[in-house]
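# Notes for the structure review
In case you want the letters, here they are:
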Amino acid sequence: MSEQKAPYQDRLSDAALPAPEEEAPQIYALKRQGPGWTIGRREFLGAAVTAVAAACARNSGTIRQHDGPDASQVEVDQMVALDQENQGTAQPTGGQEEPPPEVKGHCEENVMAHRDSITNLAITSDGKLLASGSWDQTIKLWGLPEGELRTTLMGHSKTVNSLAISTDGRLLASGSKDKTIKLWSLPVGKLLTTLTGHSKEVSSLAMSPDGRLLASGSGDKTIKLWALPTGELRTTLTGHSYGVSSLAVSSDGHLLASGSWDKTIKLWALPTGELRTTLTGHSYGVKFLVMSPDGLLLASGSNDNTIKLWALPEGELRTTLTGKVMMNSLSMSQDGPLLATGNYDNTIKLWALPEGELRTTLMGHSKKVNSLAISHDGRLLASGSEDKTIRLWSLPQGDFKTCLMDLQASPKEAEGIQYKYKDAHGQWVTYTLPCGSPIPSGAVCTCNCVPGSWTAPAPSRPTPTPSRPRSSPGGSYTIHYWYPN
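In this text, all values refer to a predicted model and were calculated from it rather than measured experimentally. (Residues numbered from 1 in each chain as written. Predicted model: local features only at pLDDT ≥ 70, side-chain atom pairs only at ≥ 80, totals over all residues. Heavy atoms only, no water.)

### As for the overall build of the protein
Helix and strand counts for the protein stand at 3 helices and 35 strands. Of all 485 residues assigned to the protein, the portion counted as buried reaches 57%. Across the protein, contacts joining residues at least 24 apart in sequence account for 46% of those joining residues at least 6 apart. Counting every atom, the protein has about 21,300 Å² of accessible surface; 49% of that belongs to carbon and sulfur. (Helix = DSSP H or I, 4+ residues; strand = E, 2+ residues; numbered from the N terminus. Buried < 20%, exposed > 50% of the residue type's maximum accessible area, 1.4 Å probe, protein only. Contact = heavy atoms within 4.5 Å. Areas by Shrake-Rupley, 256 points an atom, 1.4 Å probe, with all protein chains shown as cover.)

Pasting the structure below:
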């Protein structure tokens, strides 16, 4: 079977657990998940302990959860022990003893954004476009703030691991497990070129503020610097002893931070790529990095269940935030006071900076949260999960707004709204929204929602008068909007 027809083969190879030859086979719960198979969280932990011990004895393979590229079997062993140790024992340092408020976000049944787990999110600086990458090998472009689907970009042959958007919003870079980087024009999404050179998956991308330099981190332990928009390779940075998992560039474009599964963070001078210093302190691999807009603070997240805040450019450790669950993604607001973490327990937590106080917990995802993105104005948070959904939340309170929907990626019984709307360039574009979403005035809508499920927004002009042919409940109908003279 080819890679194109079986995108879940990556997951199968990553989740394969070698069984001890000298012992009786163990049985664990294996569940169908989308087009692939996953092993249950609790069953996985038990299986990982057995498998890691066997693999260490035989030295015959690497075991890792599919969300942690290049995590060695030692890393998995550490994660398992850590997860067992932290079952309800740790509390946020600098937080409050009483549980913080909770906000719940509910998606209608069968509303999916992708056919498989969402891996990465990125928002343009003007806040009008959201890009999402997935295990289904596609990138989707969504309009904001409504969340309508604009287009789907195809070209990668394996998982899309990372996304980066230029400050002017005209260029999108995507890194994939297929070892390539693709450059796309925005907002249309036309493929411009494909960059090759890494010998393993491209796990992280970061773009300089002036849009002239792209940094890529890989499982091959290197960082490559590419000139934009041509994609010419400038130089290759080496020094990490394990795969590079995360990258971040300062707002002035003079500093690059790289996190690795070797537990370290390295600071490099740009554009030369000279190594300035190495930060140590995490006890497990560094999974994600984010810099404050003023370039004075670096936040790093790790599988050791902590977030460390470092003063830049020296790299002095400021404080350590510890949560009661393992964190899986990180994002910081542009004005600096808010940090959001996506977690293995399916929640999103909002922290106040610099004191690290836990403000609130956002709930609604049914599986772990893989990626977060905060809009440049700090008013919108997007969250992507292994449950195949993308949710939008308003900040700073964290109120739930909506779920993003692609009818083609959702089950057949899914109900949604599709409408045509003329964009700023005068082109008619077909958008998709979940049932109940507000539809812009002047749009022509074809819906398969149950009549009455659509709720109009509070208009600033006279209320539009909908007109539709009578049909049986659940049938398709067209709504034409007009305003009385």
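Back to the write-up after that little detour.
### Here's the deal with the packing of aromatic side chains
For the coordinates displayed, the defined rule picks out 1 aromatic pair. Each ring, one from Trp393 and one from Phe400, has its centre 5.4 Å from the other, and the planes form 70°; the classification is edge-to-face. Judged by its relative accessible area of 24%, Phe400 is partly exposed. (Phe/Tyr/Trp six-rings, centres within 6.5 Å; stacked < 30°, edge-to-face > 60°.)

### Describing the pattern of salt bridges
Tallying each qualifying case throughout the model produces 4 salt bridges. Residues Asp387 and Arg391 are paired through a salt bridge, measuring 3.6 Å at the closest nitrogen-oxygen approach. Residue class for Arg391 comes out buried when judged on its relative accessible area of 4%. (Salt bridge = Lys/Arg side-chain N within 4 Å of Asp/Glu carboxyl O.)

### Notes on the pairing of strand S7 (residues 149–153)
Remember that side chains alternate between the two faces of the sheet whenever the strand is regular. As judged from the 4 bridges shared by strand S6 (residues 139–143) and S7, these two strands associate in the antiparallel manner. Its bridge partner lying in S7, Trp142 is registered against Leu149. The loop that links S6 with its antiparallel partner S7 comprises 5 residues; one of these, Gly147, has a positive phi angle of about 90°. (Pairing = 2+ DSSP bridges.)

### A look at the pairing of strand S26 (residues 348–352)
Counted residue by residue, S26 has 5 buried out of 5 residues, so it is predominantly covered. Neither face of S26 is open: one carries Ile348, Leu350 and Ala352, the other Lys349 and Trp351, and all of them are buried. Relative to S26, strand S25 (residues 338–343) runs antiparallel, the two sharing 5 bridges. Bridge pairing links Thr341 to Lys349 in S26. Here S25 folds back onto S26, and the loop between the two strands holds 4 residues, one of which, Asn346, carries a positive phi near 80°. Relative to strand S27 (residues 357–363), S26 is paired through 5 bridges, and the arrangement is antiparallel. Residue Lys349 lies in a different strand from S27, and its bridge partner there is Thr361. In this structure, the hairpin formed by S26 and S27 is closed by a connection of 4 residues, where Gly356 is found at a positive phi of approximately 80°.

### Observations concerning the sheet that holds strand S5 (residues 129–134)
If you walk across this open sheet you meet the 4 strands as S4-S5-S6-S7, and the pairing is antiparallel. The two strands at the open ends of the sheet, each matched to only one other strand, are strand S4 (118–123) and S7. Each adjacent strand pair in this sheet contributes to an overall mean axis angle of 20°, direction not counted. In terms of strand pairing, S4 meets S5 through 5 bridges, oriented antiparallel. Residue Ile123 lies in a different strand from S5, and its bridge partner there is Leu130. (Axes fitted to C-alpha atoms, helices over the stretch in contact; angles between N-to-C directions.)

### Quick notes on the sheet that holds strand S17 (residues 255–260)
On the basis of which strands lie adjacent, the open sheet formed by 4 strands has the order S16-S17-S18-S19 and antiparallel pairing. The open sheet is flanked by strand S16 (244–249) and strand S19 (274–279), the only strands paired with a single partner. Strand-to-strand twist across the sheet, computed as the mean angle between neighbouring axes with direction ignored, equals 25°. Inspection of the sheet shows S16 paired to S17 by 5 bridges, in the antiparallel sense. For Leu247, the partnering residue across the bridge sits in S17 and is Ser258.

### Quick word on unusual backbone geometry
The omega torsion across Leu186 and Pro187 is 10°, close enough to zero to call that bond cis. Relative to the assigned elements, Pro187 resides in the loop between strand S10 (181–185) and strand S11 (191–195). In this structure, the amide linkage connecting Leu395 to the following residue, Pro396, adopts the cis form with an omega of 10°. Along the polypeptide, Pro396 turns up in the loop between strand S30 (390–394) and strand S31 (399–403). The backbone of Asn305 shows a phi angle near 70°, a positive value even though the residue is not glycine. Accessibility expressed as a relative area gives 2% for Asn305, which makes it buried. Not every positive phi belongs to a glycine, and Lys388 is a case in point at roughly 75°. For Lys388, the position within the fold is in the loop between strand S29 (380–385) and S30. Its relative accessible area of 12% is what places Lys388 among the buried residues.

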